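# Descriptive structure summary
Next come the chains, spelled out residue by residue.
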Protein chains: 2
Amino acid sequence: MSVANYCEQGSGSGTDMATAVMRPFGSSNSIAHNLNKNLHPISTFDSSKLNSFYKTKRRFRFVCSAPQSVPNLVGSEEGVCLSIGSHVIPHPDKVEKGGEDAFLVSGYGGGVIAVADGVSGWAEKDVNPALFSRELMANASSLVEDEEVNYDPRNLIRKAHAATSSIGSATAVVAMLERNGILKIANVGDCGVRVLRKGQVVFSTSAQEHYFDCPYQLSSEPISQTFLDATVTTVELMEEDTVVMGSDGLFDNVFDRDIVFIINSCNSVAEAAKALANLAHNHSKDSSFDSPYSQEARAQGFDVPWWKKIMGMKLTGGKLDDITVIVGQVKSSLSS
Amino acid sequence: MSVANYCEQGSGSGTDMATAVMRPFGSSNSIAHNLNKNLHPISTFDSSKLNSFYKTKRRFRFVCSAPQSVPNLVGSEEGVCLSIGSHVIPHPDKVEKGGEDAFLVSGYGGGVIAVADGVSGWAEKDVNPALFSRELMANASSLVEDEEVNYDPRNLIRKAHAATSSIGSATAVVAMLERNGILKIANVGDCGVRVLRKGQVVFSTSAQEHYFDCPYQLSSEPISQTFLDATVTTVELMEEDTVVMGSDGLFDNVFDRDIVFIINSCNSVAEAAKALANLAHNHSKDSSFDSPYSQEARAQGFDVPWWKKIMGMKLTGGKLDDITVIVGQVKSSLSS
């Protein structure tokens with residue numbers, strides 16, 4: 001099958017932005033501090049430097065505004081690690097501000113990835129919904145190597161949430177790969193993870209929500225979910241497995257079977273992340289597409305009015321949203 | 001909402017049978033040996049004895065043909081354990097022979113549950129497809145406490161498969177609950193597990209298949225899947241979580257949202273297991289029901305002929321199959 005529709009080559013351009021949290025190993029405090037003061041523009045990020053970091057066997061993390069695609073290999077010691085690509089497309093109405101998703105990529109251990117999705121309802125209270133998710137990911141970045149976190153994703157959520165002072169709320173998912181191949185995941189809300197092996201999805205997280213379109217969320221308010229509400233799972237990964245993490249903007253607009261098709265079709269993690277984000281973006285704007293979101297809406301009792309139903313119509317369409325995609329492929333550290 | 005349609009009271013009767021593997025703690029070898037020689041009829045199984053076993057704080061396992069519903073509490077030490085109910089309805093054409101599913105319930109650790117589904121295609125080769133699945137579960141029962149298994153579900157699959165000499169093949173899922181609440185799962189094929197918490201599914205296994213309706217399977221033949229192909233996951237359970245394990249006869253015929261509804265509606269694990277099996281059975285016979293199976297078939301390109309399509313028709317219907325359901329609720333050993 002042709003992959004042309006999904007997998008255009010190139011790094012992408014335009015005004016799309018996102019907040020990524022990555023930084024050089026060993027400079028946690030200063031760079032976390034910088035995050036809220038001075039986010040560098042996309043163009044300053046040179047992914048080739050990541051590769052050189054890897055080649056010199058140093059773990060790395062950076063703090064910066066994200067490039068469109070961040071291909072890299074994280075991790076350095078014996079065992080497995082993740083080769084990671086990422087891509088973000090903000091909600092069409094939020095392009096200038098970069099959207100309200102934030103994400104984290106770290107090379108600590110076998111690799112740490114996380115996505116937070118700021119809850120947009122805060123805009124009605126004149127609060128920028130991006131502030132909470134960005135600070136949450138910045139704090140998580142500072143704490144990845146924290147002793148009390150102990151390389152436990154639920155602990156990371158607990159400490160990052162406690163350290164976040166911005167007003168707002170966010171869904172969040174954190175995944176930490178151990179060198180022995182065990183991927184540990186903590187998830188609050190409707191961000192998600194898929195693991196693909198030999199052309200099929202072998203693991204999925206499940207979304208948590210109070211009711212349709214109202215996910216569990218970490219918040220500045222005392223009445224919210226906490227790390228205690230996280231679903232904590234592990235999955236044993238194998239070399240060449242692919243991990244796809246995303247905000248609900250991905251999973252509400254792209255079926256698992258299409259994720260499989262794209263992963264099978266693309267030649268790199270960066271290309272796959274971009275292709276997935278583009279497909280989600282295209283579906284999100286397509287009012288006739290019978291998306292995972294519209295199918296779930298109908299299953300929960302939402303649909304077109306009765307007079308449209310008797311004309312054979314039904315509720316369809318994607319969901320306009322910020323879209324964040326992280327694609328990680330499991331590699332042997334020794335062979336890379 | 002009324003639960004009358006789903007949750008009839010009573011223990012059930014009739015000719016439906018299944019093979020369950022449970023036995024008194026400490027009598028592994030003799031009872032595993034009996035399994036292939038002398039399967040007792042359903043009516044000999046007295047679930048009240050299970051409760052008395054629990055009350056005396058003894059772990060237990062039995063080998064026998066299954067009753068319609070097996071309510072019990074397994075496990076005895078500090079920490080959490082599973083209160084378990086089970087229910088089996090064979091394929092309508094296989095009622096007399098008890099179907100080709102087999103299952104295991106053990107009180108070792110926090111509780112061990114497993115389902116194997118014999119691959120029916122072996123009947124074309126004059127092989128009884130039930131033999132392999134039954135022996136596999138019998139062997140697993142014998143090996144639950146094996147030192148080399150080390151309370152690891154993939155190891156249990158490995159050793160049980162190696163010990164199975166019957167001709168045939170089967171899908172299999174094994175879940176072992178640790179006292180600290182960690183449920184470890186190994187899955188080969190399209191049996192499955194759901195974990196429900198506070199009225200929603202927070203964890204699902206994913207089916208593995210070569211192509212539509214041809215699942216990964218353990219086999220007597222050298223060209224088959226092995227323990228190495230198992231997807232291995234863990235999920236941290238909380239008290240009052242509900243674990244639903246089943247053969248594909250359950251998950252092909254019942255959507256997750258209906259599993260949630262039934263679990264929320266029923267007053268006991270035995271009642272829930274029976275209600276789920278009954279709903280799956282009813283759906284499996286309903287040619288107009290747009291089941292998970294028919295939806296997946298259409299998604300994979302199977303549908304009615306074009307001339308029916310232009311008349312607005314589509315492929316629908318449940319899937320006639322053996323149906324095995326195990327429902328476990330997480331309880332504190334100390335509080336029970």
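The name an unreviewed UniProt entry gives chain A is Protein phosphatase, with Penstemon smallii as the organism. Looking at chain A in UniProt, the text filed under Sequence similarities (unreviewed entry) is "Belongs to the PP2C family."

This next bit is on the overall build of chain A. Scanning chain A for helices and strands turns up 9 helices and 16 strands. Scored against the burial criterion, the 336 residues of chain A give a buried share of 62%. In chain A, 72% of the contacts between residues at least 6 apart in sequence involve partners at least 24 apart. Summing over all exposed atoms, chain A offers an accessible surface of approximately 13500 Å²; the carbon and sulfur share of this is 51%.

To continue, consider the relation of the copies chain B and chain A. Once chain B is rotated about the relating axis by 180° and shifted along it by 0.0 Å, it coincides with chain A to within an RMSD of 0.0 Å. In short, the pair behaves as if placed about a two-fold rotation axis. Closest approach to the rotation axis among the C-alpha atoms of chain B is made by B:Thr234, whose C-alpha sits 2.5 Å away. A symmetric contact is evident, with 100% of the interface residues of chain B recurring at the interface of chain A.

Here the focus is unusual backbone geometry. Its identity is not glycine, yet A:Asn150 carries a phi of approximately 55°, on the positive side. Within the secondary structure, A:Asn150 is located in the loop between helix 3 (129-143) and helix 4 (153-162). Despite not being glycine, B:Asp213 has its phi angle at roughly 70°, a positive value.

The next point concerns the UniProt feature "domain: PPM-type phosphatase" (unreviewed entry) in chain A. The positions that UniProt labels "domain: PPM-type phosphatase" (unreviewed entry) are, in the present scheme, residues 83-330 of chain A. The span residues 83-330 of chain A carries 27% helix and 30% strand; its end-to-end C-alpha distance comes to 6 Å.

Evaluated as defined, the whole model comprises 0 disulfides over all chains. In this structure A:Cys191 is a free cysteine whose sulfur lies 14 Å from that of A:Cys214, the closest cysteine sulfur available.

The subject of this paragraph is the packing of aromatic side chains. Scanning the model with the defined rule gives 9 aromatic pairs over all chains in all. Judged by centre distance (5.7 Å) and plane angle (65°), the ring pair of A:Tyr108 and A:Tyr151 falls under edge-to-face. Linking A:Tyr108 in the loop between strand 5 (101-106) and strand 6 (112-118) with A:Tyr151 in the loop between helix 3 and helix 4, this pair joins segments that are 43 residues apart in sequence. The interplanar angle of 35° and the centroid separation of 5.2 Å between the aromatic rings of A:Phe212 and A:Phe302 together place this pair among those described as tilted. Of the two residues, A:Phe212 is situated in the loop between strand 11 (209-211) and strand 12 (214-215) and A:Phe302 in the loop between helix 8 (292-299) and helix 9 (306-309); the sequence distance between them amounts to 90 residues. In this structure A:Phe212 comes out as buried when scored by relative accessible area, which is 14%. Residue A:Phe302 is classed as partly exposed on the basis of its relative accessible area of 42%. Within the aromatic cluster, the residues linked to one another by ring pairs are A:Phe212, A:Tyr293 and A:Phe302. Sitting above the plane of the B:Phe227 ring, B:Arg158 keeps its charged end 5.8 Å from the centroid. The ring of B:Phe255 carries B:Arg257 above its face, with NZ or CZ at 4.4 Å from the centroid.

On to the packing of helix 6 (residues 256-265) of chain B against helix 7 (residues 269-284) of chain B. Residue and element names in this part refer to chain B. Between helix 6 and helix 7, the shortest axis-to-axis distance is 9 Å and the interhelical angle comes to 145°. The handedness of the crossing between helix 6 and helix 7 comes out as right-handed. Judged by residue contacts, Asp-258, Ile-259, Ile-262 and Ile-263 of helix 6 engage Ala-272, Ala-275, Leu-276, Leu-279 and His-283 from helix 7. Among the residues forming the contact of helix 6 with helix 7, the class breakdown is 7 nonpolar, 1 polar and 1 charged.

Moving on, we get to the interface of chain B and chain A. Facing 25 residues of chain B, the contacting portion of chain A comprises 25 residues. Counting each side, the surface lost to burial between chain B and chain A is near 1900 Å², with a carbon and sulfur contribution of 37%. For the pair chain B and chain A, the number of links is 4 salt bridges. B:Glu236 is the partner of A:Arg154 in a salt bridge, and the nearest nitrogen-oxygen pair spans 2.4 Å.

Our next topic: the nonpolar core. With 48 residues, the main nonpolar core has A:Leu183, A:Val195, B:Leu183 and B:Val195 as its most contacted residues. In this structure, A:Leu183 is in contact with A:Ala175, A:Met176, A:Leu177, A:Val195, A:Thr233, A:Thr234, A:Val235, A:Leu237 and A:Val243, ignoring residues within four places of it in sequence.

Now for the pattern of salt bridges. Scanning the model with the defined rule gives 32 salt bridges over all chains in all. Measuring nitrogen to oxygen at the nearest pair gives 3.6 Å for the salt bridge that ties A:Asp321 to A:Lys319. Here A:Asp321 and A:Lys319 have matching classes, each one buried. A salt bridge links B:Glu148 to B:Lys159, with the shortest nitrogen-to-oxygen separation between them at 3.0 Å. Separated by 11 residues along the polypeptide, B:Glu148 in the loop between helix 3 (129-143) and helix 4 (153-162) and B:Lys159 in helix 4 bring together distant segments of the chain. Counted as one network, the salt bridges with shared partners bring together A:Asp213, A:Asp248, A:Asp252, A:Lys319 and A:Asp321.

Mapped onto the elements of the fold, B:Ser83 is located in strand 4 (residues 80-89). When the C-alpha atoms of B:Ser83 and B:Val330 are compared, they prove to be 6.4 Å apart, with 247 residues separating the residues in sequence.

Let us look at helix 8 of chain A. Note that an α-helix has 3.6 residues per turn; residues three or four places apart therefore point the same way. Residues and elements named next belong to chain A. What helix 8 keeps buried is the set Pro-292, Tyr-293, Ser-294 and Ala-297. Buried residues belonging to helix 8 abut helix 5 (248-251). A positive phi of about 100° marks Gly-301, the residue just after helix 8.

Analysis parameters
Residues numbered from 1 in each chain as written. Chains lettered and ligands numbered in written order. Predicted model: local features only at pLDDT ≥ 70, side-chain atom pairs only at ≥ 80, totals over all residues. Heavy atoms only, no water. UniProt positions renumbered as here; feature names shortened; annotations may be inferred. Helix = DSSP H or I, 4+ residues; strand = E, 2+ residues; numbered from the N terminus. Buried < 20%, exposed > 50% of the residue type's maximum accessible area, 1.4 Å probe, protein only. Contact = heavy atoms within 4.5 Å. Areas by Shrake-Rupley, 256 points an atom, 1.4 Å probe, with all protein chains shown as cover. Least-squares fit on C-alpha atoms with pLDDT ≥ 70 in both. Disulfide = S-S within 2.5 Å. Phe/Tyr/Trp six-rings, centres within 6.5 Å; stacked < 30°, edge-to-face > 60°. Lys NZ or Arg CZ within 6 Å of the ring centre and 35° of its normal. Axes fitted to C-alpha atoms, helices over the stretch in contact; angles between N-to-C directions. Left-handed = near helix turned anticlockwise from the far one by under 90°. Nonpolar A, V, L, I, M, F, W, Y, C, P; charged D, E, K, R; others polar. Buried area = accessible area lost by both parts, 1.4 Å probe. Salt bridge = Lys/Arg side-chain N within 4 Å of Asp/Glu carboxyl O. Core = buried A, V, L, I, M, F, W, Y, C linked by side-chain atoms within 4.5 Å.

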